[in-house]
Amino acid sequence: MNYNVAQLLKEPIGSERAFTITKGESIEYFVPVDSAAGHVKLVRTHHGIWVQASVTAQVSQDCSRCLADSSHTLDLDIDEEYFPEIDVRTGRRMSPPPDWEGLSIGADNLLDVAEAIRQSALAILPLKPLCKPDCHGICDRCGINRNHDECSCYSQNIDPRWEALRSLLVET
Ligand SMILES: [Zn+2]
Ligand SMILES: [Zn+2]
């Protein structure tokens with residue numbers, strides 16, 4: 001999802017480009033986003049390029065209880081300004097405005113929309129993801145996945161010998 005913005009950077013403020021991210025487009029370092037699809041608009045601003053994107057992203061995380069892979073879909077609205085590290089006309093390195101917190105465009109003039117998608121997804125993902133709301137997790141005694149198997153580690157079965165004793169206690 002790298003767009004060459006060398007030409008757009010030479011154009012007047014307000015100039016635009018629009019792109020479509022086709023479904024399933026993915027990048028290796030994109031974790032936790034597996035793939036994304038949607039629309040991207042790039043607008044030349046005073047400082048750099050403003051990215052507006054509306055994206056549906058497939059995200060996968062490990063369930064915090066049972067560690068199973070849990071995938072879900074996120075609708076993301078991205079609104080991010082990118083600052084060019086290099087002045088496209090002079091080739092000189094530029095320093096961002098002092099309070100700059102946005103992303104940057106490298107010396108190759110490639111603007112990587114994937115990074116904005118990734119950051120936007122990370123910002124809204126739960127810190128403790130669950131594969132399903134009622135995930136039973138992993139038994140901390142025997143280690144089985146309690147969504148698929150049952151174990152007797154925490155069951156209330158009492159040894160029959162104690163059961164006999166208890167009935168005596170109840171009678172007295
Ligand atoms: Zn789970
Ligand atoms: Zn168990």
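Report follows, based on the coordinates. In this text, all values refer to a predicted model and were calculated from it rather than measured experimentally.

### Here's the deal with the pattern of salt bridges
A full pass over the atoms with the stated rule returns four salt bridges. Put simply, E85 and R93 hold a salt bridge, and the shortest N to O gap is 4.0 Å. Overall, E85 belongs to the partly exposed group, its relative accessible area being 25%. Across the pair E115 and R118 runs a salt bridge, and its minimum N-O distance is 3.2 Å. Here R118 and E115 lie together in helix α2 (residues 113-124), a separation of three residues that amounts to about one turn.

### Re the nonpolar core
By size, the foremost hydrophobic cluster in this structure holds 30 residues, and its most contacted members are L42, L111 and I117. When residues of this core are traced back to their parent elements, those giving at least two are α1 (6-10), β3 (33-44), β4 (49-62), β5 (69-84), β6 (103-105) and α2. Sort the elements by how many residues they give to this core and β4 lands first, with six residues.

### Considerations on the coordination of the zinc ion (ligand 2)
Every protein donor of the zinc ion (ligand 2) is listed here as C139 (SG), C142 (SG), C151 (SG) and C153 (SG), and their distances to the metal cover 2.2 to 2.3 Å. Taken in sequence order, the residues that donate to the zinc ion (ligand 2) follow the motif C-x2-C-x8-C-x1-C. Of the two residues, C139 is situated in the loop between α2 and α3 (160-171) and C151 in the loop between α2 and α3; the sequence distance between them amounts to twelve residues.

### Focus: the pairing of β5
For β4 and β5, the ladder comprises 14 bridges, and the chain directions are antiparallel. Counted as the bridge partner of S54 is D77 from β5. Counting the residues in the hairpin turn of β4 and β5 gives six residues, including L67, whose phi is positive at 70°. Examined bridge by bridge, β5 and β6 share three bridges and lie parallel to one another. Its bridge partner lying in β6, Y82 is registered against L103.

Conventions adopted
- Residues numbered from 1 in each chain as written.
- Chains lettered and ligands numbered in written order.
- Predicted model: local features only at pLDDT ≥ 70, side-chain atom pairs only at ≥ 80, totals over all residues.
- Heavy atoms only, no water.
- Salt bridge = Lys/Arg side-chain N within 4 Å of Asp/Glu carboxyl O.
- Buried < 20%, exposed > 50% of the residue type's maximum accessible area, 1.4 Å probe, protein only.
- Helix = DSSP H or I, 4+ residues; strand = E, 2+ residues; numbered from the N terminus.
- Core = buried A, V, L, I, M, F, W, Y, C linked by side-chain atoms within 4.5 Å.
- Donors = N, O, S within 2.8 Å, 3.2 Å for Na, K, Ca; no water.
- Pairing = 2+ DSSP bridges.

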